[in-house]
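Residues per chain are reported as follows:
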Amino acid sequence: MPDFTAAATQRARVRVPLRFQDGYRVDAELVTFHGLADGLEHVAVVLGDPAPGTTPLVRLHSECLTGDVFGSARCDCGPQLREAVERIAERGGVLLYLRQEGRGIGLYNKLDAYALQDQGLDTYAANAALGLPEDDRDYTAAAQMLTALGIGELDLLSNNPDKADQLRGLGIEVRDRVPTGVFATPDNVRYLRAKVLQTQHTLPLGDLAELGVG
């Protein structure tokens, strides 16, 4: 994990109206940063306005070109992004859009892993078969971004306990971990089940079994 020693600073803020295919609209502020530990161009999406004394709702969303942009049904990333924007806007908080395609292994490697999944491997075994980490994401830059935004305490919108654990280790107080919705389909149910069994994501196995993976 990179050293969390240097503070990041806000570089620029710009208002961007967001428009989704289902008709949902919301105005956001996009914030860029100087001094992020990994040198990548992560973006904070500031949504809504928390009431005084209210803990902001925050999501760390890893970039997923296939799911976020092309609507791939092999994962639940696109629906999670859409849900997170609305829930955060209602309460007030931030979505950190992190350039961590494929749990940090990159787009090409992710597509190579898809090919192995088509041969029967789950998403984590496919990464291992390629000689890659199961999950190569580090959230040091996310903690820097939050600190630069003045957020030291938050409720985390996530099913992934590792995100909360890493943020706490980096000095961010995660008051509560709020689960996302379950966006299971016949195309992604094996992927979701693997996340529950391999990395303890908080998703109901019973609901996933009903879609044909017992």
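Our structure is the block above this text.
Peer 1: Is there a simple way to think about the nonpolar core in this case?
Peer 2: General note: in soluble globular proteins, nonpolar side chains tend to be found buried as a group. Membership of the largest hydrophobic core comes to 27 residues, with the highest contact counts inside it found for L60 and L96. For this core, the secondary-structure elements that each account for two or more residues are β2 (25-34), β3 (43-47), β4 (57-62), β5 (93-98), α5 (140-148), β6 (153-157) and α6 (161-169). A per-element tally of this core places α5 first, with six residues. The contacts of L96, once residues within four sequence positions are left out, are V43, A44, R59, L60, H61, A142, M145 and L146.

Peer 1: Before we go on, may I ask you to explain the side chain of T55 in this structure?
Peer 2: Along the polypeptide, T55 turns up in the loop between β3 and β4. Reaching out from T55, the side chain makes a polar contact with the side chain of R175 at a distance of 3.3 Å. The residues touching T55, leaving out its near neighbours within four places in the chain, are R91, E153, L154, D155 and R175.

Peer 1: Would you take a moment to explain the environment of L149 for this structure?
Peer 2: The residue L149 is located in the loop between α5 and β6 in this model. For the pair L149 and F33, spaced 116 residues apart in sequence, the C-alpha to C-alpha distance is 9.9 Å. If we ignore the near neighbours within four places in the chain, the residues touching L149 are Q10, R13, V31, F33, A44 and V94.

Cut-offs applied
Residues numbered from 1 in each chain as written. Predicted model: local features only at pLDDT ≥ 70, side-chain atom pairs only at ≥ 80, totals over all residues. Heavy atoms only, no water. Core = buried A, V, L, I, M, F, W, Y, C linked by side-chain atoms within 4.5 Å. Buried < 20%, exposed > 50% of the residue type's maximum accessible area, 1.4 Å probe, protein only. Helix = DSSP H or I, 4+ residues; strand = E, 2+ residues; numbered from the N terminus. Contact = heavy atoms within 4.5 Å. Polar contact = N/O pair within 3.5 Å; in protein donor to acceptor, adjacent residues only side chain to side chain.

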